[in-house]
Amino acid sequence: MTLQRWSRFPSLVLLCVATMLGWLQAQAPSVSATAALAQVFAAPPDDARVLMRWWWFGPTVTPAGLDRDLEAMHAAGLGGVEVQPVYPLTLEGDDAATRVRPFLSAPFLDALTHARGTAARLGLRYDVTLGSGWPFGGPSVAASDAAGALRIVSLPVPRGARVLGLPAIGAGESLLAVHLTPGEGTPATPEAFMRLDSSTVADGVLPITPRLDGPATAWVFIASRTGMMVKRPAIGGEGFVLDHYDRGALDRYLHAVGTPLLDALASARPYAVFCDSLEVFGSDWTPGLIDAFRRRYGYDLMDHLPALVTGEDAASRGVRHDWGQLLTERLESEFLGPLLQWAHERDTRLRAQTYGIPPARPSSAGLIDLPEGEGAQWRTVTSVRWASSAAHVFGRAVTSSETWTWLHSPSFAATPLDIKVEADRHFLQGVTQLIGHGWPNTSAGVDWPGARFYAAAVLSDANPWWIVMPDVARYLQRTSAMLRQGSAVTDVALYLPVSDAWSRMRPGKVHLFEMLRDHVGTSLVGSLLDAGFAFDVVDDQRLQIDARVDGRDLVIGKGRYRAVVVPDAEIVPSQTMDLLVAFARAGGTVIATRRLPSQAAGFRATTEQHAHVAKAAATLFEGRLPGGLFVARDADVGARLATRLIPDVRWHEDAAAMGFVHRRVGEADVYFVANTSNRPVTTKASFRVDAAAELWDPRTGDVRPAGRTREGGTSTIDVDLPPYASTFYVFSGAAPTSPWIDAARQSRGDAGVALGPGVEGSAHAACEARAGALDLAQGWQLDVPGMGLRPLTALTSWHDQPDLRFFSGVATYRREVDLSPAVPSSPCGVWLDFGEGTPHPEEPLTNGMRAWLDAPLRDGARVLVNGQDVGAVWAPPYRVDVTKALRPGRNAFEVRVGNTALNRWAARPHPDYRLLHLRYGKRFDPQDTDKIVPQPSGIIGTPRLVY
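For every chain, the first residue of its written sequence is number 1, and the numbers climb from 1 along that sequence. At least 70 in pLDDT is required for a residue's local features to be given in this predicted model, at least 80 for side-chain atom pairs to be given and counted, and no such filter applies to totals for whole chains, interfaces and linings, which use all residues. Heavy atoms throughout the structure, all of them, feed into the side-chain values; hydrogens and water do not.

**Q** Describe a nonpolar patch on the surface, and please don't skip the residues or the numbers.
**A** Taken together, the side chains of Leu-91, Leu-915 and Leu-918 make up a nonpolar region of the molecular surface, amounting to roughly 300 Å² of accessible area. Relative to the assigned elements, Leu-915 resides in helix α22 (residues 914–920). The classification of residues rests on relative accessible area computed with a 1.4 Å probe and restricted to protein chains. Under 20% of the type maximum is buried, over 50% is exposed, and intermediate values are partly exposed. Judged by relative accessible area, which is 46%, Leu-915 ranks as partly exposed. Candidates for patches are residues over 30% relative accessible area with no salt bridge; among them, like charges are joined within 9 Å and nonpolar side chains (Val, Leu, Ile, Met, Phe, Trp, Tyr) within 5 Å. Here, Shrake-Rupley sampling with a 1.4 Å probe gives the accessible areas, and only protein chains in the shown set may cover a residue. For this analysis, a salt bridge means a side-chain nitrogen from Lys or Arg found within 4 Å of a carboxyl oxygen belonging to Asp or Glu. Runs of H or I in DSSP of at least four residues are treated as helices and runs of E of at least two as strands, each being numbered from the N terminus.

Structure representation (structure tokens):
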């Protein structure tokens, strides 16, 4: 019996796993890592299941509607929810089903408590967003606690003027300083500025002394507020966004919002509280910044405010560095740290997306229990990579990601293949927990096909293809669980020059993540990945606090690295340079690109410190230390590094679409390998491990030996992956001890075949070589609900048939097949194969991503043979093993196919939100409504029975 077949009986599997573990432990001191890993693969734990962001629109929710959603999620194999109350979709009615439960009202909190109870009964994880919409904020946030910004007003001052009329100072604002410059426009250097004595301001007028000999410009610096309001709030959640640099503002917010939420959940705390994206746009100031700056750096920022506006000299950049650094530190000390403490004091965890504005750095994620990112662009620096790097350094087993945001817009266009394509790109960045974006709760009054969030796929049972979601969810769960095992093997620490970025910040432009992402670019990351080197991102804080040199490795917290890459860094703190030199002296590899570091960090850096950095860089990168290397072009870094280190994975042909993740689990090495392209990839790959190899298929649960060639401590394997396919390669020196693996091997006859010296293989290749096929293109009947059974002369898309063009649902294909006794007894198994997909040319997208493959089956199918469900088909390879259900003679085949909801939606009028927007204000815009058109559906390829 294969792992796939066992997975249909989860209770039995868990019982057998527990019994087997007890037996193994009685026979030996401990279960081998490979055996334990096989048990995880066969029966992945529930906590690795996908969570869904659960939108409560309005909130107009009912207990019955909440229970229905949770039960549907549980039935589909999902693992829990993150509750997020957001904007209304309907006008409030008089009946209970359409009545709004304003955010934090007693009815809302009752609904929150009720849903928590249902989730607990079903064994679902339950997270709660500490607010409505994002970022944190709402009606409890006064102007004095609202997100701060530095407002700069320039005023012309005529020659001979004796007074200056100042701009009006509004609520939550205060005058900081006024500086004067001769002439018009912005001076090139801060030295041209002269600070006026603003203590003499009376009734909004400032005396000017001494008398001006010519025209001038006054620069008025005001501690202000961004005025940003909470994005997409629920009714009752509207208001200013919180000042994330002010501990007092946070405390008042948590008292007003966090305490009621968790009091409602006092009997069963949420698994975690959640802080969404740091998108406090324009926030670069807080009222306490001046005093904090003086304490931190020992000089008065008031005197140097013009340096925030102009100047590229070392002093000006030093002031901006100190200002940017303090903003980051204030985020950590005034917001993230206290928020973590608050969560722990209430017996829950903190999950947060620590990137954006305020300018979080990679190390900021160290203050989070469950670091999270978003973004599927796996060949660049993403916030997901920030989160997974923090997890590796801080020893967190779980890295979560907001997944499927903007997936295949418009809503309801996303398919199971789309889901896998994006999820794999998150896995390749080190993610081990997917947070689906998301599941809309549909209240009464919302037209079919139901509620949808403006910027997301609808991932709920409103999709006809949902019939395959348990199988999709199982793939995602199994992959997540496997990637949590052991520890990450990551060769390269990619140093992010945070000090350089701080020195380039300007008022209103403090998005540290975007600055560093753009600074590194895509060429360097692609060069490392193509050369077979995985990487984490690190910053100075981690290097200066947690780093040590251990032989030829640089150990940073829990992470161990064989090389450090320093991309285009000019300003590097002295302590960081000293550590890099020590690492190179010990035999490690340090690579600088584009230019060499030459400046120390901060306004008060001395001439000696600048010289120390420049000297260390020269020692390291100009041939004095064998471990140092300067590479002018980012695109050459991977190849140059490969001359120093053996790549973890070496692709023998160009395989830019191939990605991998390496985990070490005891004596086993586990590689997750994914083809991210819409074309098949056939290549050889050399893995940096010398041990027997097995291929573990996370979609089917099947396991078989992988033939390998041994050479110089590496194992070379033939990799053959269909479009968007993925697999695990598991290397272990020990013989497999798991009955699950043994059972999977026996069911396929993979006893092992000797292929010559240094080569290991299996009967699988021999099976492929002698496969036969029976064409099943003709003879089908199609049963469409409400339309009856119709014979088909050819298999064509539903949307090409006039009466089915706007059909969305599940229709069943039926036919019978007579088989000789030799076919069902085939030792290699029998497969129902629907054919290959056709690559679709990629097109530019405004947001998000999608799969670019015209599949032979749209979009998900369950296959029944002789009344027995043999599995689902939803991604390449489009085939299913039917061996266990076949018998000699006549066999009945059923293929139940579900498409997207777009086809039916295309025939219906779009919702009219005019009155809704007039009533509540415009809180969202429907996206890509011009793309709501019928899509190809049903079986489009040529089915074959392959044996």
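**Q** Tell me about the packing of helix α4 (residues 63–75) against helix α5 (residues 106–122), and name the residues and values.
**A** Interaxial distance between α4 and α5 falls to 10 Å at its minimum, and their mutual angle equals 30°. In terms of their interaxial angle, α4 and α5 are classed as roughly parallel. At the point where α4 passes α5, the crossing takes the right-handed sense. Contact with α4, carried on its side by Pro-63, Leu-66, Asp-67, Leu-70, Glu-71 and His-74, involves Ala-111, His-114, Ala-115, Thr-118, Ala-119, Arg-121 and Leu-122 of α5 and no other residues of that element. Residues are grouped as follows: Ala, Val, Leu, Ile, Met, Phe, Trp, Tyr, Cys and Pro are nonpolar; Asp, Glu, Lys and Arg are charged; all remaining types, including Gly, are polar. Class assignment of the residues belonging to the contact of α4 with α5 gives a composition of 7 nonpolar, 3 polar and 3 charged. Throughout, an axis means a line fitted to C-alpha atoms (over the contacting stretch in the case of helices), and angles, computed between N-to-C directions, take values from 0 to 180 degrees. An angle counts as roughly parallel when it lies under 35 degrees, as roughly antiparallel when it exceeds 145, as roughly perpendicular when it falls between 65 and 115, and as oblique in every other case. Rotating anticlockwise by less than a right angle from the far helix to the near helix defines a left-handed crossing, while the corresponding clockwise rotation defines a right-handed one. Note on definitions: a residue-residue contact is assigned when non-hydrogen atoms from the two residues lie within 4.5 Å.

**Q** Provide a residue-level description of the pairing of strand β41 (residues 810–819), including the pertinent values.
**A** Strand pairing is assigned whenever DSSP identifies at least 2 bridges connecting the two strands. Inspection of the sheet shows strand β39 (residues 781–784) paired to β41 by 3 bridges, in the antiparallel sense. Paired with Asp-783 across the bridge in β41 is Thr-812. Examined bridge by bridge, β41 and strand β49 (residues 889–898) share 10 bridges and lie antiparallel to one another. For Val-810, the partnering residue across the bridge sits in β49 and is Gly-898.

**Q** Which residues make up the environment of Thr-716, and what values go with them?
**A** Topologically, Thr-716 is positioned in strand β35 (residues 714–721). Since its relative accessible area comes to 12%, Thr-716 is described here as buried. Sequence-distant contacts of Thr-716, defined by excluding residues within four places in its chain, comprise His-652, Lys-684, Ala-685, Ser-686, Gly-707, Arg-708 and Thr-709. Polar contact is defined as a pair of N or O atoms within 3.5 Å, subject to the rule that within protein one atom must be able to donate a hydrogen and the other to accept it, and that residues adjacent in sequence are counted only when both atoms are side-chain atoms. Of the polar contacts made by the side chain of Thr-716, one reaches the side chain of Ser-686; its length is 2.7 Å.

**Q** Let's hear about the sheet that holds strand β23 (residues 553–556): which residues, and what values?
**A** Read across the sheet, 3 strands follow the order β22-β23-β24 without closing on themselves; strand pairing throughout is antiparallel. Edge strands, defined here as strands with exactly one partner in the open sheet, are β22 (547–550) and β24 (559–561). Along the sheet, successive strands turn relative to each other by an average axial angle of 25°, direction set aside. Helix α16 (residues 574–585) rests against β22, β23 and β24 of the sheet, and its axis sits at about 15° to β22.

**Q** Account for the nonpolar core, naming residues and giving values.
**A** Core analysis: the biggest nonpolar cluster contains 192 residues, and Trp-54, Trp-56, Tyr-126 and Trp-285 have the highest contact counts within it. With 11 residues, helix α8 (residues 314–345) is the single largest residue contributor to this core. In this view, Trp-56 contacts Val-61, Leu-66, Val-83, Gln-84, Pro-85, Val-86, Phe-108, Ala-111, Leu-112, Ala-115, Tyr-126 and Asn-441; residues no more than four positions away in its chain are not counted. Here, nonpolar core means buried Ala, Val, Leu, Ile, Met, Phe, Trp, Tyr and Cys residues that are tied together by side-chain atoms lying within 4.5 Å of each other. Ranked by size, the runner-up nonpolar core spans 32 residues in total, among them Phe-394, Leu-543, Ala-547 and Val-613.

**Q** Give a description of the pattern of salt bridges that names residues and reports values.
**A** By the definition in use, this model includes 57 salt bridges. Of the charged contacts in the structure, one is a salt bridge between Arg-125 and Asp-127, with a shortest N-O distance of 2.8 Å. Neither Arg-125 nor Asp-127 differs from the other in exposure class; each is buried. The residue Arg-560 makes a salt bridge to Asp-553 at a minimum N-O spacing of 3.3 Å. Salt bridges sharing common partners tie together Arg-53, Glu-82, Arg-125, Asp-127, Asp-276, Arg-351, Glu-372 and Glu-402.

By themselves, these observations are geometric and do not establish any function.
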